[in-house]
Amino acid sequence: MKRLHLPRTLAAGVALLAAIVLAVLIIPLLSPYDPTAEDISSMLQPPSFVHPFGTDQLGRDLLVRVAAAGRVDLALMVGVELLPFIIGTAAGLIAGYYGGWPNRIITLLSDALIAFPFYLLVAVVAFVTGTGVTGIFLTFLIMGWIIFARTVKGATASLAGEEWVESARVMGFSDTSILLRQMLPNVFSQAVIVLVSDMVALLVAIVTLGYLGLGVTPPTPDWGTMIADGQSFLATRWWVSTLPGTAVVLVGIALALIGDGLNDARRQV
Amino acid sequence: MTRHASSALFEMRGITVHYGGFTAVDHVSLSLPKGRAIGIVGESGAGKSTLARVAAGLIAPAEGQVLLAGQPLAPIRRTREQRRRVQMVFQNPDSSLNPSHSVYRILSEGMLLHHTLGSRPSREVITRRCLELLRMVGLGESAGILSRRPQAFSGGQRQRIAIARALAVNPDVLVADEPTSALDVSVQHEILDLLAELRQTNGLSLMLITHDLGVANALCDDIMVMRGGRSVVHKSTEGLFADPGPQYAQDLLAAARSVSIAPGMRG
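All values derive from a computational prediction rather than experimental measurement.

Definitions and limits used
- Residues numbered from 1 in each chain as written.
- Chains lettered and ligands numbered in written order.
- Predicted model: local features only at pLDDT ≥ 70, side-chain atom pairs only at ≥ 80, totals over all residues.
- Helix = DSSP H or I, 4+ residues; strand = E, 2+ residues; numbered from the N terminus.
- Rg over C-alpha atoms; globule rule 2.2 N^0.38 Å.
- Buried ≥ 20, exposed ≤ 12 C-beta atoms within 10 Å, placed from the backbone.
- Contact = placed C-beta atoms within 7 Å.
- UniProt positions renumbered as here; feature names shortened; annotations may be inferred.

This next bit is on the overall build of chain B. Each helix and strand in chain B was counted, giving 10 helices and 10 strands. Rg of the C-alpha trace for chain B: 18 Å, near the compact-globule value of 18 Å for 267 residues, within the 12% margin. Oriented by its inertia axes, the alpha-carbon framework of chain B measures out at about 55 × 40 × 40 Å. When the 267 residues of chain B are sorted by exposure, 44% land in the buried category. Pairs at least 24 apart in sequence give 68% of the contacts found in chain B among residues at least 6 apart.

Now the structure itself:
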């Protein structure tokens, strides 16, 4: 039997993401600085031994702030994605398996929603709920399930005619059992690959909203607001915007590698 | 004993199926006593597979009734026990086993659903039964097989696993839809031998769908020839070969005689 080997891209992505998560968790515990503590005497210091990432315009230590913001943004990324992932996968299974009117309803709904520009919807929701995490959460709940529903629907529909599905029906399994125990294991890997690449888009959205002042609200640290903070002195004090920006890029690279690797691993089987 | 139970274990009466405006099966009836085998023979498009799917409760007929031991079966919503008693083996061994499940899971989930080993069998008991089934279908008794997935097996081996899956719930009726047509000729014989043997040892009633009259002749007591959704001939195998009846059956018979499949596998 052929031995499966983990694709190198997957291993690299997992290692990078693990390193980022570890750093984000540990740095605030070890650092002597409070991510929100202002210190007017050491404003806009360049990176040094005392402040490895330098300080911002309010004298806050940027290393501990980048890490603390990472905790906020990464937790938000995972938390916000969870419900749309479950809802979308369930909707896709149902639409793909039954076809007919469940499929028409789900397709109609997703077509109608996807016609809405995402950032416009964010602005509308933010206007209603006020800026902050609730708006991001709601917007993603409305929009985020669609991509999972579409992916899982296609995969499920292509399997629905397979004889092992008919065989499960002849055996006497209920539709619920066929969907969850027979179908889901065969479409789950595709849903996870989409999940990983969608998380990159979500992280960028969270950061963008923070940057626009529609997302995470100060004083809670967030990569988006930090990038916005440094924008006015980008030419002279590069580290204020660049370092949180680099953190976003690194997470994006890690997730992209994981997505690619999972895709490769799926094709091997 | 009721009148029905003494005559036929499994019966189909006046089955008619439409696909859109097209009539795939047109008022077909058959009866299958316990332990007997009936062959449904015809060209592709004759309605054989549709009839098989009605028998297995996958398609609801527009007209007609399916009866098991004299009891009418609901078209699709059969009870769990009725499901257990009528099992099916499919044509394409490449798609009839769930690719993400192990052989152990494929064989055991039916047993667990129908409690054929009691309500909470231990893993040892399940494993022993799985190995017994594998031996029955000629796949040996190596426990290593149980942990593998369908992709690790050849077409003939997969078909054996599919047969074992059907047998796992001790059915009374086995519907086999072209079980050999996707396999190599040498493997075809092995599977046919296996079905003939299982019929005897398990007292199965067999409904065998095939385009090959030679295969039906080798395995079945009765043969129904279908064409354009209708039953054109329905008689005992000996009777059919002695007096084929309509021209179409004569032609089929002539074609089958030119292919040498030895009769005598019949029970």
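In the UniProt entry, the feature "domain: ABC transporter" (unreviewed entry) is given for residues 10–253 of chain B. This span, residues 10–253 of chain B, is 37% helix and 26% strand, and a straight line between its end C-alpha atoms measures 27 Å.

Another point: the interface of chain A and chain B. With 14 residues of chain A at the interface, the matching set in chain B holds 20 residues. Secondary structure elements with two or more residues in the side of chain A that touches chain B: helix H7 (163–171) and helix H8 (175–212) of chain A. Of the residues forming the side of chain A that touches chain B, the biggest block, 7 residues, is contributed by H7(A).

On to H7(A). Because each turn of an α-helix spans 3.6 residues, side chains separated by three or four positions in sequence point in the same direction. Among the 9 residues that make up H7(A), 9 are buried, leaving the element largely enclosed by the rest of the structure. Burial in H7(A) covers these residues: A:Glu163, A:Trp164, A:Val165, A:Glu166, A:Ser167, A:Ala168, A:Arg169, A:Val170 and A:Met171. Summarising the contacts, the buried residues of H7(A) are in contact with helix H6 (145–160) and H8 of chain A together with helix H3 (80–85), strand E6 (86–89) and helix H4 (103–114) of chain B. Note on H7(A): the residue one or two positions beyond its end, A:Gly172, has a positive phi of about 110°.

Glancing now at the UniProt feature "domain: ABC transmembrane type-1" (unreviewed entry) in chain A. Mapped onto the present numbering, the UniProt feature "domain: ABC transmembrane type-1" (unreviewed entry) falls at residues 70–259 of chain A. Helix makes up 84% of residues 70–259 of chain A and strand 0%, whereas the separation of the span's terminal C-alpha atoms amounts to 20 Å.

Residues and elements named next belong to chain A. Within the fold, Ile 20 resides in helix H1 (residues 8–30). For Ile 20, a count of 18 C-beta atoms within 10 Å puts it in the partly exposed group. Not counting chain neighbours up to four residues away, the residues in contact with Ile 20 comprise Leu 250, Val 251 and Ala 254.

On to the UniProt feature "transmembrane region" (unreviewed entry) in chain A, then. Residue and element names in this part refer to chain A. Feature annotation in UniProt places "transmembrane region" (unreviewed entry) on residues 12–33, 74–98, 105–127, 133–152, 191–214 and 238–258, given in this structure's numbering. Overall, residues 12–33 shows 86% helix and 0% strand. The separation of its end C-alpha atoms is 31 Å. With 95% helix and 0% strand, residues 133–152 has end C-alpha atoms that lie 28 Å from one another.

Moving on, we come to the environment of B:Val233. All names here are of chain B. Mapping Val 233 onto the fold places it in strand E10 (residues 230–236). For the pair Val 233 and Pro 246, spaced 13 residues apart in the sequence, the C-alpha separation amounts to 7.6 Å. Other than its neighbours up to four places away in sequence, Val 233 contacts Met 224, Val 225, Leu 240, Gly 245, Pro 246 and Ala 249.

So, about unusual backbone geometry. The residue after A:Pro218, namely A:Pro219, is reached through a cis peptide bond having omega 10°. As for its placement among the helices and strands, A:Pro219 is situated in the loop between H8 and helix H9 (223–230). Although it is not a glycine, B:His27 sits at a positive phi angle of roughly 50°. At B:Asn170, a residue that is not glycine, the phi angle is positive and equals roughly 50°.

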